[in-house]
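Architecture and fold: a report
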Amino acid sequence: MGQAGIGIAGAVQRRSFGQELKTFLVRFWRRYPSASVAVVVLSIVVFATVFAGIISPFEPNKAYGVRLGGLFEPGKNFGIHFLGTDTLGRDLFTRVLVGGRVSLTVGLIAPTVGITIGALAGITGAYFGGLTDLIIQRLTDTLMAIPSLVMAMAITISLGFNLWVVILAIAVGIAPYASRLLRSHALVLRSMQYIEASRAIGATNQRIILRHLVPNSWAPWIVMLAVNIGNAIVIEASLSYLGIGIAPPTSSWGNLLIRAASYFTDNPHLVYAPGLMITIVVLCSNIFGDALRDMLDPRLRGAD
């Protein structure tokens with residue numbers, strides 16, 4: 001009887017969770033229709049890039065004999081080149097999908113690393129104040145004085161042209177802005193009563209920062225991450241376009257653009273395909289980031 005009761009309670013809980021999720025999705029769709037469409041589009045792009053090997057029968061780095069083939073060019077042995085072929089006869093559709101893996105990886109990891117480092121530095125400086133905060137803020141001001149693209153260019157030229165160096169270069173440019181934003185948020189939190197109560201009962205500084213200040217800073221943290229996904233992809237594309245990004249044969253949307261630029265007049269689809277993907281992902285991530293900011297900020301949140 002007891003096990004039956006537990007089973008019924010679990011079923012009710014599962015139904016309740018399903019109903020809450022459905023209610024949340026319906027409410028999100030009604031309040032933020034453009035952001036909902038953006039999420040769907042981003043999900044399709046991510047799915048296509050992850051399962052590129054299943055979607056396309058061609059290898060990304062293999063030449064198939066047809067150079068600069070047009071749209072829907074029949075394959076020499078099998079399949080159809082939906083977006084044609086590049087200057088070496090490689091299938092462009094496959095390379096755009098595989099290049100999306102690299103660009104999306106940069107777009108997700110670089111902001112995550114940069115915002116995490118900057119946020120922890122800003123929160124730590126706000127909590128301790130004094131000399132600690134002064135040193136962190138002067139370092140932040142120094143990094144903010146250098147444009148993010150210039151900073152990324154200097155790092156990639158110094159350390160090399162590979163995926164992880166590009167991620168590091170972009171993260172360094174994002175970190176000071178995250179530090180400044182999260183510091184201002186932490187300055188408000190550190191004067192709250194629950195922080196003073198934690199100090200009164202003998203909680204360590206590390207515990208207060210990690211168990212109270214960091215969790216209560218998730219809202220601006222997440223919003224900044226969503227907004228900077230597009231920025232990271234644009235910076236990666238800019239570095240690749242300048243020839244100091246991810247080196248061939250690894251494909252990304254940026255280095256696909258630079259190879260296609262010389263053939264734009266006769267083969268514009270070589271430029272339009274990666275360029276359109278960059279535009280779609282950046283636009284959708286910014287739309288979703290704006291909706292997420294409105295949803296998590298109580299000052300911008302309307303009545304349900």
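Report on the accompanying structure. (Residues numbered from 1 in each chain as written. Predicted model: local features only at pLDDT ≥ 70, side-chain atom pairs only at ≥ 80, totals over all residues. Heavy atoms only, no water.)

**Looking at the overall build of the protein chain**
In terms of helices and strands, the protein chain carries twelve helices and two strands. For the protein chain, the α and β elements follow one another from N to C terminus as α-α-α-β-β-α-α-α-α-α-α-α-α-α. Along the first, second and third principal axes, the C-alpha atoms of the protein chain reach 75 × 65 × 35 Å. Residues counted as buried form 41% of the 304 residues belonging to the protein chain. Contacts spanning at least 24 positions in sequence make up 67% of the contacts within the protein chain whose residues lie at least 6 apart. Summed over all atoms, the accessible surface of the protein chain reaches about 16400 Å², with 67% contributed by carbon and sulfur. The positive charge centre, built from 23 side chains, and the negative charge centre, built from 14, are 7 Å apart in the protein chain. (Helix = DSSP H or I, 4+ residues; strand = E, 2+ residues; numbered from the N terminus. Buried < 20%, exposed > 50% of the residue type's maximum accessible area, 1.4 Å probe, protein only. Contact = heavy atoms within 4.5 Å. Areas by Shrake-Rupley, 256 points an atom, 1.4 Å probe, with all protein chains shown as cover. Lys, Arg positive; Asp, Glu negative; His and termini not counted. Charge placed at Lys NZ, Arg CZ, Asp CG, Glu CD.)

**What to know about the environment of Leu239**
Position of Leu239 among the secondary structure elements: in helix α10 (residues 218–241). The class for Leu239 is buried, based on a relative accessible area of 0%. Remark: the alpha-carbon pair of Leu239 and Leu71, spanning 168 residues in sequence, is separated by 28 Å. Residue contacts for Leu239: discarding those within four places in its chain leaves Leu149, Ala152, Met153, Thr156, Val166, Ile244 and Gly245.

**Focus on the nonpolar core**
Generally speaking, a soluble globular protein has its nonpolar side chains buried in company with each other. Formed by 33 residues in total, the largest nonpolar core has its most connected members in Val106, Ile123, Ile170 and Leu213. Where this core is concerned, the elements lending two or more residues are α4 (92–128), α6 (148–159), α7 (163–189), α9 (205–213) and α10. Membership of the second largest hydrophobic core comes to 18 residues, among which are Val45, Ile233, Leu257 and Leu270. (Core = buried A, V, L, I, M, F, W, Y, C linked by side-chain atoms within 4.5 Å.)

**Some details on the environment of Phe128**
When you line up the elements, Phe128 lands in helix α4. For the pair Phe128 and Arg190, spaced 62 residues apart in the sequence, the C-alpha separation amounts to 9.6 Å. With residues near it in sequence (within four places) discarded, Phe128 still touches Asn205 and Ile209.

**Overview of the pattern of salt bridges**
According to the stated counting rule, one finds five salt bridges in the structure shown. Here Asp141 makes a salt bridge to Arg138, at a shortest N to O gap of 2.7 Å. Placement of both Asp141 and Arg138 in helix α5 (residues 130–144) is noted, with a separation of three residues, approximately one turn of the helix. Judged by its relative accessible area of 28%, Asp141 falls in the partly exposed class. For Asp141, the salt bridge goes to Arg180, with nearest N and O atoms at 2.3 Å. Pair noted here: Asp141 is in helix α5 and Arg180 is in helix α7, with a separation of 39 residues, a long-range link. (Salt bridge = Lys/Arg side-chain N within 4 Å of Asp/Glu carboxyl O.)

**Notes on α4**
With 37 residues, α4 ought to run about 54 Å at 1.5 Å a step, and its terminal C-alpha atoms sit 53 Å apart, in line with that. Immediately downstream of α4, the backbone of Gly129 shows phi near 65°, a positive value. (Expected span 1.5 Å × (residues − 1).)

**Topic: α7**
Because each turn of an α-helix spans 3.6 residues, side chains separated by three or four positions end up pointing in the same direction. The end-to-end C-alpha distance of α7, which contains 27 residues, comes to 37 Å, matching closely the 39 Å that a straight helix rising 1.5 Å per residue would cover. Along its length, α7 shows its largest kink, about 30°, at Ile174, and proline Pro176 lies within four residues downstream of that point. Where α7 begins, the capping side chain belongs to Asn162, and its oxygen is found 3.2 Å from the backbone nitrogen of Trp164. (Bend = angle between axes of the 7 residues up to and from the residue. Polar contact = N/O pair within 3.5 Å; in protein donor to acceptor, adjacent residues only side chain to side chain.)

**Some details on the packing of aromatic side chains**
Inspection of the entire model under this criterion finds three aromatic pairs. Between Trp218 and Trp221 the ring centres are 4.9 Å apart and the planes differ by 50°, which places this aromatic pair in the tilted class. Separated by three residues within a single helix, Trp218 and Trp221 lie in helix α10, roughly one turn from each other. Assessed through its relative accessible area of 42%, Trp218 is described here as partly exposed. (Phe/Tyr/Trp six-rings, centres within 6.5 Å; stacked < 30°, edge-to-face > 60°.)

**As for the packing of α4 against α9**
Here α4 crosses α9 at 125°, and the two axes come no closer than 11 Å. By the angle between their axes, α4 is oblique relative to α9. For α4 against α9, the interelement crossing comes out right-handed. Between α4, through Ile123, Thr124, Tyr127 and Phe128, and α9, the contact on the second element is made entirely by Asn205, Ile208, Ile209 and Leu213. Counted by class, the contact of α4 with α9 contains six nonpolar, two polar and no charged residues. (Axes fitted to C-alpha atoms, helices over the stretch in contact; angles between N-to-C directions. Parallel < 35°, antiparallel > 145°, perpendicular 65-115°, else oblique. Left-handed = near helix turned anticlockwise from the far one by under 90°. Nonpolar A, V, L, I, M, F, W, Y, C, P; charged D, E, K, R; others polar.)

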